Amino acid sequence: MTHILSPKRWPLWLALLLLAGCGTTTPTGSLPSLPSAGGGDASSLAALPAWNTQTLGDTLQGLRQSCKSLQKKPAWRGVCREAGQLADNDGDAVRRFFENRFTAWKLRDGSRDSGLITGYYEPLLSGSRTRSERTPWPVYGVPRDMVSVDVPMSQRNRGALRARQIGPNRLALAAGGDIEVNPADFPADPRGIRLKGRLSGSRLLPYFTRGQINQGSIAGSAPVLAWVEDPVELFFLQVQGSGRIQLDDGSFIHVGFADQNGYPYQSIGKWLVDQRQLTLSDASMQGIKDWLARNPQRRDELFAVNPSYIFFKTTPGDNGGPVGALGVPLTGGYSIAVDPRYIPLGAPIYLSTTWPHSAEPLVRLVHAQDTGSAIKGALRADLFWGYGTEAGMYAGRMKQQGSLWLLLPKGLSPSATL
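Residues numbered from 1 in each chain as written. Predicted model: local features only at pLDDT ≥ 70, side-chain atom pairs only at ≥ 80, totals over all residues. Heavy atoms only, no water.

Quick look at the overall build of the protein now. Looking only at helices and strands, the protein features 9 helices and 20 strands. Every one of the 418 residues in the protein was classed for burial, and the buried ones make up 54%. In the structure as shown, the protein presents an accessible area of about 17,500 Å², 47% of it carried by carbon and sulfur atoms. (Helix = DSSP H or I, 4+ residues; strand = E, 2+ residues; numbered from the N terminus. Buried < 20%, exposed > 50% of the residue type's maximum accessible area, 1.4 Å probe, protein only. Areas by Shrake-Rupley, 256 points an atom, 1.4 Å probe, with all protein chains shown as cover.)

Written out as structure tokens, the structure reads:
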């Protein structure tokens, strides 16, 4: 999900190519230089690059999924109603619909008008409901002892604070509270105000890191949804944010992002490059798996580089894609994870990039339906490739430059959506 993926998720996991953390500039908190209504960056869809070559039947399905959420908004109600009445195989009608209903707004971030485009997918793991010698690796649900508290940025540097318990896993700041919370003890994350921890007497401590969890720190305090065969595939399940686990009897468990331990995502791919273990071009998912196959004794060391840990929940199982941060199933090849501080969830996005490890154009109309922990900035997107081995091959290799156009119903400006 998220990417590393929610896929919302933490976000997604988030997610979620492993070098995502080093490929883009972290926003400073200000909105990007989105065009204002009537500005010169607004254009008709017919003016978009390669627009007339697009086959739009598949992307119409993605819009219909978004409309399950967007149709609640007045500006989208008529658009969604009309989208539901179109025939997928009537390419001319679908093209006219988008051209008549939408305006395209070129996204920029300061002077830049292109950014990093990565990929993610839904992995398949082999596992069991019970622990065995073949399946010793737990897929954890949310720990019962993990507690969260919201601390506004304005209070982060004020020393120790007081809080009181307001639920089994929730604290609230309160001047006369009986629990001490010292924000300086917790990892810095400029994107959020929520701290995750565990109670030790009358003090809130940071929750366990990935390294500590892998050493058994939460055994007994977190439910186990399944036991799986391969710790490497389990790590990449966390990077993607959702996936499927095939059990001994051939049935499947679908799992998705539920929560996270409070630590920011750290790229193991970047660490391998910094350690001169891999070159930048080799630091794909496949490259990292190959390195682990050659260096199995260093697996725990490598995984501990990323202190972030994802906890899962079971999700409804069918043949559709995983559910993203928008709350709708993702469509392989036509859903993207974005930073929702800059791109509104649900909006169609025209993507112009290239295929993984190639200069061949990859241009299509996709939909912002997910988020990811490594997806930061106005010009950052993670393309969901779908389910299975082939999708994983494309997702693991994708690290391209690309441009984005935000599509909004005519009459609606970007400033009104953010």
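Next up on the list: the environment of D109. By the secondary structure assignment, D109 is in the loop between β2 (102-106) and β3 (115-122). For D109, a relative accessible area of 26% corresponds to the partly exposed category.

Okay, the side chain of Q65 next. Following the sequence through the fold, Q65 ends up in helix α1 (residues 57-70). Within the structure, the side chain of Q65 is placed 2.7 Å from the side chain of K68, a separation counted as a polar contact. Look past the residues within four positions of Q65 in its chain and what remains in contact with it is V328, P329, T331 and Q369. (Polar contact = N/O pair within 3.5 Å; in protein donor to acceptor, adjacent residues only side chain to side chain. Contact = heavy atoms within 4.5 Å.)

The subject of this paragraph is the packing of aromatic side chains. If you walk through the whole model with that rule in mind, you get 15 aromatic pairs. Ring centres 5.2 Å apart and planes at 70° place the aromatic pair Y207 and F208 in the edge-to-face group. Both residues of the pair, Y207 and F208, belong to the buried class. Across the ring face of Y387, the terminal group of R244 is positioned such that the distance to the ring centre comes to 3.7 Å. (Phe/Tyr/Trp six-rings, centres within 6.5 Å; stacked < 30°, edge-to-face > 60°. Lys NZ or Arg CZ within 6 Å of the ring centre and 35° of its normal.)

The strand order across the open sheet formed by 6 strands is β5-β12-β4-β13-β14-β15, and the pairing between neighbours is mixed. Strands at the two margins of the open sheet, each flanked by one partner only, are β5 (137-140) and β15 (310-315). Looking at each pair of strands side by side, their axes are set apart by 45° on average, direction ignored. One ladder, built from 3 bridges, connects strand β4 (residues 124-128) with strand β13 (residues 242-246); its direction is parallel. Each residue of the ladder has a partner; that of L124, found in β13, is R244. Running at roughly 15° to β5, helix α5 (residues 231-240) makes contact with β4, β5, β12 (224-228), β13, β14 (252-260) and β15 of the sheet. (Pairing = 2+ DSSP bridges. Axes fitted to C-alpha atoms, helices over the stretch in contact; angles between N-to-C directions.)

Orientation of α1 relative to helix α2 (residues 74-85), taken along the N-to-C sense of each, is 140°, at an axis distance of 10 Å. As far as their axial angle goes, α2 and α1 are oblique. In this structure, α1 meets α2 at a crossing whose hand is left-handed. Where α1 abuts α2, its residues L60, L63, R64, C67 and L70 lie against W76, C80, A83 and G84. Classifying every residue of the contact of α1 with α2 gives 7 nonpolar, 1 polar and 1 charged. (Parallel < 35°, antiparallel > 145°, perpendicular 65-115°, else oblique. Left-handed = near helix turned anticlockwise from the far one by under 90°. Nonpolar A, V, L, I, M, F, W, Y, C, P; charged D, E, K, R; others polar.)

One pass over the structure, following the stated rule, counts 18 salt bridges. A salt bridge links D113 to K106; its shortest N-O distance comes to 3.4 Å. Overall, K106 belongs to the buried group, its relative accessible area being 12%. Notably, a salt bridge pairs R244 with E122, separated by 3.2 Å at the nearest N-O pair. Highlighted residues: R244 in strand β13 and E122 in strand β3, separated in sequence by 122 residues. Owing to a relative accessible area of 8%, R244 belongs among the buried residues under this scheme. Overlapping salt bridges bring together K106, R108 and D113 as one network. (Salt bridge = Lys/Arg side-chain N within 4 Å of Asp/Glu carboxyl O.)

Next up on the list: the nonpolar core. F97, F98 and L302 are the most contacted members of the largest nonpolar core, which totals 64 residues. Residue contacts for F98: discarding those within four places in its chain leaves L45, W51, L56, T59, L63 and L365. V139, I245, I253 and V255 belong to the second-largest nonpolar core, a separate cluster that totals 14 residues. (Core = buried A, V, L, I, M, F, W, Y, C linked by side-chain atoms within 4.5 Å.)

The final tally for this structure, using the stated rule, is 1 disulfide. Two residues, C67 and C80, share a disulfide whose sulfurs are 2.1 Å apart. Judged by the torsion about the S-S bond (-85°), the C67/C80 disulfide is left-handed. Residue C67 is found in helix α1, and its partner C80 is found in helix α2; the two are separated by 13 residues along the sequence. An identical accessibility class is assigned to C67 and C80; each is buried. (Disulfide = S-S within 2.5 Å.)

In terms of strand pairing, strand β6 (residues 147-150) meets strand β10 (residues 194-200) through 4 bridges, oriented antiparallel. Each residue of the ladder has a partner; that of V147, found in β10, is G197. Two elements, β10 and strand β11 (residues 203-206), share 4 bridges in a ladder whose sense is antiparallel. Bridge pairing in β11 links R198 to L205. Between β10 and the antiparallel strand that follows it, β11, lie 2 residues; G201 among them carries a positive phi value of about 65°.

These figures come from the coordinates and say nothing about function on their own.
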